Amino acid sequence: MTELAHILDGLRCAACHAVNTLWLDLIRGLVECRECGQGALIDPGDEWEDA
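As named in an unreviewed UniProt entry, the protein is Zinc finger domain-containing protein, LSD1 subclass, taken from Streptosporangium canum.

Below you can see the structure in the form of structure tokens.
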């Protein structure tokens, strides 16, 4: 079974500065800190293209 949320190893929360507490939730389009609860929405239209 595929997990719907993935930990983002080595990244630090900008709000509380905790390391390895950020989780990527692909279904909700959200990155959330499990330490302080701060979240950020992911813009699905923001794709990088190789030029």
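This next bit is on the confidence of the model for the protein. Scored by pLDDT, the protein comes out at a mean of 86, with 82% of its residues at no less than 70. The element-level mean pLDDT for the protein is lowest in strand S1 (residues 5-7), coming to 88, with strand S3 (residues 30-33) highest at 95.

It is worth spelling out the pattern of salt bridges at this point. When the charged atoms of two side chains lie near each other, side chains of opposite charge can form a pair. With the rule as written, the count across this model stands at three salt bridges. One salt bridge in this structure joins Arg28 and Asp25, with 2.8 Å as the shortest N-O distance. When the shortest N-O distance is used, the salt bridge between Arg28 and Glu32 registers 3.5 Å. A residue is classified by how much of its surface remains accessible, and Glu32, at 23% relative accessible area, is partly exposed. Put simply, Asp25, Arg28, Glu32 and Arg34 are held in one network by salt bridges that share partners.

Leave glycine aside and you will find that most residues have negative phi; peptide bonds, for their part, are mostly trans. Here His17, not a glycine, exhibits a phi torsion of approximately 70 degrees, which is positive. Counting through the fold element by element, His17 comes out in the loop between S1 and strand S2 (22-25). Given a relative accessible area of 49%, His17 falls into the partly exposed group. The residue Asn20 is not glycine, and still its phi comes out positive at about 60 degrees. Position of Asn20 among the secondary structure elements: in the loop between S1 and S2. Residue classification places Asn20 among the partly exposed residues on the basis of a relative accessible area of 37%.

Taken together, the three bridges between S1 and S2 define a ladder with antiparallel strand orientation. Bridging from a neighbouring strand, Ile7 pairs with Trp23 of S2. The pairing of S2 with S3 spans four bridges and is classified as antiparallel. Within S3, the position partnered with Asp25 by the bridge is Leu30. Linking two consecutive strands that pair antiparallel, namely S2 and S3, is a turn of four residues; a positive phi of about 65 degrees is found at Gly29 within it.

Conventions and cut-offs
Residues numbered from 1 in each chain as written. Predicted model: local features only at pLDDT ≥ 70, side-chain atom pairs only at ≥ 80, totals over all residues. Heavy atoms only, no water. pLDDT = per-residue confidence, 0-100. Helix = DSSP H or I, 4+ residues; strand = E, 2+ residues; numbered from the N terminus. Salt bridge = Lys/Arg side-chain N within 4 Å of Asp/Glu carboxyl O. Buried < 20%, exposed > 50% of the residue type's maximum accessible area, 1.4 Å probe, protein only. Pairing = 2+ DSSP bridges.

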